[in-house]
Amino acid sequence: TELPPYFADLVLVEDLSTVSALLTEEALGKVYRVLHPYGGKLAVLLKSSQRDRFAKRVKSARLEGAALTRVENYTVLERTGGLRGAGTWTHNEGDAGNTRCSRDDLVRPPFGVLWFGAADPVKHLDRHTRHPRPLVVADRLFIQGIGELNAVDLYTGRHLWKKDVPGLSEPFDTWLWQPGAQALGGEMAAADDAVYV
């Protein structure tokens, strides 16, 4: 259970001998901690006599965003929605008001690393060209590359998709000194249901 937080899309428990160990608030909290926000699931194969006890433990553990359902013989505990206090970065300068500020109340020291690097190569812009900032909405990180837009899972670093966008980042693809996105502005904005380029 000492795994990184938020990385698991699915934890599957089919061994009935280990189910009893899950029926404590402490154990449920440790497993819930590794579930990915926005839909990570713990699917447990339970005997009918264990289902009510499991539901009571989930309720008494007060797991934020927890939802219980049944899928065939499995009891499924889902982590719905995001983390309370997590912020967004929807425009190049933070938000539509260019505040350069996130409303994030969650991130505080001590800091740690959930992931680093990229699963797939992204045509990154040189960091010295003052290129547009990545955007963050819900569980997605949108990275602007040279002629492409990439979506990365915010909690795991998993590359989700890439969309070719000819001409994207052209003003920033240079080794010459230039005012960058600070003066030119960003080329995209993100919302809960879309990215605008």
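Residues numbered from 1 in each chain as written. Predicted model: local features only at pLDDT ≥ 70, side-chain atom pairs only at ≥ 80, totals over all residues. Heavy atoms only, no water.

Q: For this particular structure, what's the right way to read the sheet that holds strand 2 (residues 40-45)?
A: By definition, the strands of a sheet pair up through backbone hydrogen bonds, in either a parallel or an antiparallel sense. Pairing is mixed in the open sheet, where four strands are placed in the order 1-2-4-3. With one partner strand each, in any of the chains shown, strand 1 (10-13) and strand 3 (66-71) form the two edges of the open sheet. Averaged over all adjacent pairs, the angle separating strand axes in this sheet is 20°, with direction ignored. By the bridge criterion, six bridges tie strand 3 to strand 4 (residues 74-79) in an arrangement that is antiparallel. In the sheet register, Thr69 faces strand 4, and the bridge partner there is Val76. Packing against the sheet, helix 2 (residues 25-34) makes contact with strand 1, strand 2, strand 3 and strand 4, and its axis sits at approximately 60° to strand 4. Strands in contact with helix 3 (residues 48-61) are strand 2, strand 3 and strand 4; relative to strand 3, the strand with the most contacts, it is inclined by about 165°. (Pairing = 2+ DSSP bridges. Helix = DSSP H or I, 4+ residues; strand = E, 2+ residues; numbered from the N terminus. Axes fitted to C-alpha atoms, helices over the stretch in contact; angles between N-to-C directions. Contact = heavy atoms within 4.5 Å.)

Q: Explanation requested: the layout of surface pockets in the structure shown.
A: With a probe scaled to a water molecule rolled over the atoms, the places where space remains empty come into view. Approximately 800 Å³ is the volume attributed to the largest pocket. Forming the boundary of the largest pocket are 27 residues, of which Asp104, Val107, Leu114, Leu154 and Tyr155 lie nearest the centre. Partitioning the lining of the largest pocket into residue classes produces 19 nonpolar, five polar and three charged. (1 Å grid on protein atoms, 1.4 Å probe; cavity = no way out; pocket = protein on both sides within 12 Å on 5 of 7 lines; lining within 4 Å. Points joined across faces, edges and corners; volume = space filled by probe spheres on them. Nonpolar A, V, L, I, M, F, W, Y, C, P; charged D, E, K, R; others polar.)

Q: Looking at this structure, how should I read the pattern of salt bridges?
A: Here the idea is simple: oppositely charged side chains can pair when their charged atoms come close. Summed over all chains, the structure comprises nine salt bridges. When the shortest N-O distance is used, the salt bridge between Glu148 and Lys162 registers 3.8 Å. Of this pair, Glu148 sits in strand 7 (residues 148-153) while Lys162 sits in strand 8 (residues 159-164), placing them 14 residues apart in sequence. When its relative accessible area of 1% is taken as the criterion, Glu148 is described as buried. When its relative accessible area of 40% is taken as the criterion, Lys162 is described as partly exposed. Residue Asp153 pairs with Arg158 through a salt bridge whose shortest N-O separation is 3.9 Å. Residue Asp153 is classed as buried on the basis of its relative accessible area, which comes to 1%. (Salt bridge = Lys/Arg side-chain N within 4 Å of Asp/Glu carboxyl O. Buried < 20%, exposed > 50% of the residue type's maximum accessible area, 1.4 Å probe, protein only.)

Q: How should I be thinking about the sheet that holds strand 8 in this particular structure?
A: Spatial strand order, 5-6-7-8: four strands in an open sheet with antiparallel pairing. Edge positions in the open sheet fall to strand 5 (135-137) and strand 8, since each of these has one partner strand only. On average, each strand axis in the sheet is tilted by 20° relative to the strand beside it, whichever way the strands run. Bridge count between strand 6 (residues 140-145) and strand 7: six bridges; the pairing is antiparallel. When the sheet's bridge partners are listed, Arg140 is paired in strand 7 with Asp153.

Q: What should I look at first to understand the side chain of Gln50 in this one?
A: Positionally, Gln50 belongs in helix 3. According to the relative accessible area criterion, Gln50 is buried, its value standing at 14%. Once residues lying within four places of it in the same chain are set aside, the contact partners of Gln50 are Leu16 and Val19.

Q: So what exactly am I meant to see when it comes to a nonpolar patch on the surface here?
A: Side chains of Leu106, Val107 and Phe111 sit close together on the surface and give an oily, nonpolar patch of about 330 Å² of accessible area. Along the chain, Val107 falls in the loop between strand 4 and strand 5. Residue classification places Val107 among the exposed positions, given a relative accessible area of 57%. (Patch = residues over 30% accessible without salt bridge, like charges linked within 9 Å, V, L, I, M, F, W, Y side chains within 5 Å. Areas by Shrake-Rupley, 256 points an atom, 1.4 Å probe, with all protein chains shown as cover.)

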